[in-house]
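Here is what each chain is made of, one letter per residue.
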Amino acid sequence: MVTLPKRSEVPVEQTWNLADIFPTKEAWEAELKEVASLVGSVTKFKGRLGEGAKTFLACCEALEALMKRVVKVVSYASLHLASDGTNPEYQEMAARAMSIATTIGTETSFVTSEALSLPEGTLEKYLAEEPGLEPFRITIEKMIERKPYQLHPDTEAALAALGEVLGAPAMIYERSRTADLSCNPVADSKGTLHPMAFGDHEDHPDTVLRRNAYAETTRAMKAYQNTYAATWATEVNKNVALARLRGYESAIHMLLHQQEVTIDIYNNLHDIILTELAPHMRRYVRLRKEVLGLDKILYCDIEAPLEPEYEPETTWEEAKQIILSGLSVLGPEYTEIMEDALNNRWVDWANNLGKRTGAFCSSVYGVHPYICLRWDNSLREALTLAHELGHAGQGVLAQRYQSFNNTRPTMFFIEAPSTINEILVANYILSQDTDVRRRRWLIMQLLKTYHHNFVRHLIEGELQRRIYPLAEQGRPITANLLNKIQGEILDEFWGGEVEIDEGARLVWMRQIHYYRGLYPYTYSAGLTIGTAVAKAIKEQGAPAAERWIEVLKLGGTKKPLELSRMAGVDMTKPDPIREAVAFVGELVDEVVNSF
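Keep in mind it's a predicted model, so treat the numbers as computed, not measured. (Residues numbered from 1 in each chain as written. Predicted model: local features only at pLDDT ≥ 70, side-chain atom pairs only at ≥ 80, totals over all residues. Heavy atoms only, no water.)

Draft legend 1. The packing of aromatic side chains, seen in detail. Counted according to the given criterion, the structure contains 21 aromatic pairs. Geometrically, the ring pair formed by Phe412 and Tyr521 is tilted, given 6.2 Å between the ring centres and 50 degrees between the ring planes. With Phe412 in the loop between helix 18 (379-401) and helix 19 (416-432) and Tyr521 in the loop between helix 22 (502-505) and helix 23 (522-540), this pair connects stretches of sequence that are 109 residues apart. For the pair Phe412 and Tyr521, a shared accessibility class is recorded, and that class is buried. An aromatic cluster is defined as three or more aromatic residues linked by ring pairs; in this entry it consists of Tyr173, Tyr224, Tyr228 and Tyr515. The ring of Phe22 carries the charged tip of Lys72 above its face, separated from the ring centre by 5.5 Å. For Arg288, the ring lying beneath its charged end belongs to Tyr284, and the centroid distance is 4.6 Å. (Phe/Tyr/Trp six-rings, centres within 6.5 Å; stacked < 30°, edge-to-face > 60°. Helix = DSSP H or I, 4+ residues; strand = E, 2+ residues; numbered from the N terminus. Buried < 20%, exposed > 50% of the residue type's maximum accessible area, 1.4 Å probe, protein only. Lys NZ or Arg CZ within 6 Å of the ring centre and 35° of its normal.)

Written out as C-alpha cells, the structure reads:
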C-alpha cells in the first residue's frame, strides 16, 4: 500500500530546527522543572500590589520573565507534536507542558484580580509616577478596560485552574484530526494510487483524483461528525457561559471585545462580502464548469485548475528566490529576516504521516518564528509560504522593537501582514512575466487567495455568527443542526452554482479555527487591509512600504483599527471592503475574458 513517509524518514533539511529553542530534549526537561519551581518569584507579591508603584513594577517584571520561559517550554513541545501528532512521546510532552502552563496561570491569576481590586485610580497613578511601568502600559490599560467584566478573584483563580479543561475542545479536535482520523489511498484517472492525508489532492488537476480525494475525506469526516459536533458545541457553550458570567451582551460581544473591534465592523465584513462578492464568484464557477467540461461543480471543484495541463512547478530553491525578490520592496531589514527564515531552517516543509494539516506560523519569543507547511513543488505553495512568512516578519519586527507583552496585535489585525506578502509576491511574478497564459494562471492563484479568505473562512465565520445566538437560546448544537445551517449558508452564497452535497455540509469539521474565538472572519479583515496596502505599495513604492514596516514594528502597542489607519486603511468604513470586492470582480473579469 502506498503511504506517506514516517517523520523519521524525511530529510532533515526539510524540517525545522527546534534545537534553536532547546538543544536537546534533556535541556527542555530541565527547563520544564525549573519553570515549575519559579512561580514563587511572582506569588511572593500576592497581597502586596497596593504597597506602591515600585512593588507593582517588580511583580510585572517577575511575571514577564516567567512567561517568556513558559512560552519556550510550551512551544518546544507543541511544535514537536505538530510535526507528528501520532508520536506518543510528543503527545506526552505537549500534555506536560500544558499542565505546567495551566498551573502557573492559576497561581499567577491573582495579579490581574488584585490589581483591579485596588482603589479607583491607583493603576493610573502608578503609571504616572513610575517610568519603569511604561513597557507594561498597554497591558495595564487593557486590564482597566476589562474591569467591568472581571469576576471575584476566587472565581478568576478557579477559571485559571480550569484552563487546561477549558482548552480541551481544541486539543481533542486537533489530536483526533492528526492522530486518529485517517484516509485511505485514492486513485487518479489512470488508476494510480496516491497516499492521502486529510484534505489532500482536493484541488488537483485530475478530476478523478480530486473527486476521489474529496469523497475519501468526506467518508473519514462523517465517521466523526457526532463527536466533532459535541466537541465544538462544548467550545460554543463554554464561551456562552463565560460571557454571561462576565456580564457581556453575548458571546460574540465578548470575543469581539478581546479583538478590540465593534460588532458593526464585524457585521460589515460578513454582510458586504458575502452579499456583494457572491455574483463574482458564481460567475467564476460557471466559467470553471464550462471550461473543464464538468457535469456539475462540487465543493472540491471550486478551486480546480482551469487548465489542468498547465501547472507551473517550482522547486523549493526557486520559490525562495521568487519570494525574496517579491518582498524586497519592503526594504533591507525585512529582506534579511526573510533570508534568515528561508535559509536557517525556520520552515518545516516535509510531508509525513501525522503532520498537522494546513500551514501556520508560531513565533517563539527570544528565538524566532517557526513555519509549518507541506511543500508540493507548486508555485501556488510558494504563495502559501509567502503568507506564513508575513506572520514571521511581523513577529520578528515586533519582538525586535517591543517588549514581550507588546509584540502581538489582536486577532483582528493578525492576518494583514500575511496576506500583504501573498499579494506582493503575486504582483512581483506578474510584473516579471509577459506570457498571457502564465498571467492568467497567476491571477487564478490570486483568486484562490481571495476565495480562501473572503469565502471559505468568512463562511466559517458566518456559521459562528448563526450558531452562537442559537446556543444562547438554549438550542442543542448537534451534527444535524451544523450540517443543516452549513448547507444553508453555502446555498445562499453559491446560489445553486455549486452542488451542496454531504461533503460540503460537513466542511465545519475541517478547521481548528472554530476553537480560537472569532478567528475565521478575521481573514477577511486581514485581506481587506492587505489589498489596500499592497495597492498603495504598488502605486507609491518606498513611502508606502516604509509606512507598513513601521506599523509592523509597533506590534500590539496600538489597537487594530489604529494600526490599520496608520497603514492608510480606515476599517470603520465600508469603503475598503467594497474596494477589495471590486478588485476581485476585476480579476474575475480578466480571467473570464481571457477564455
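Next comes the rest of the write-up.
Draft legend 2. Quick peek at unusual backbone geometry. For Glu260, which is not a glycine, the phi torsion comes out positive at approximately 65 degrees. Along the chain, the position of Glu260 falls in the loop between helix 13 (251-259) and helix 14 (263-276). When its relative accessible area of 17% is taken as the criterion, Glu260 is described as buried. We note that Arg345 has phi near 55 degrees; this positive angle belongs to a residue other than glycine. Considering the arrangement of structural elements, one finds Arg345 in the loop between helix 17 (332-343) and strand 3 (347-348).

Draft legend 3. Broad picture of the nonpolar core. In this structure, Ile467, Trp494, Trp508 and Trp548 are the most contacted members of the largest nonpolar core, which totals 149 residues. If one sorts the elements of this core by residue count, helix 20 (residues 436-472) sits on top with 16 residues. Ile467 has contacts with Trp232, Val236, Ile477, Leu481, Leu482 and Ile485, leaving out every residue within four places of it along the chain. Listed in part, the 46 residues of the second largest apolar core include Phe45, Cys59, Ala62 and Val111. (Core = buried A, V, L, I, M, F, W, Y, C linked by side-chain atoms within 4.5 Å. Contact = heavy atoms within 4.5 Å.)

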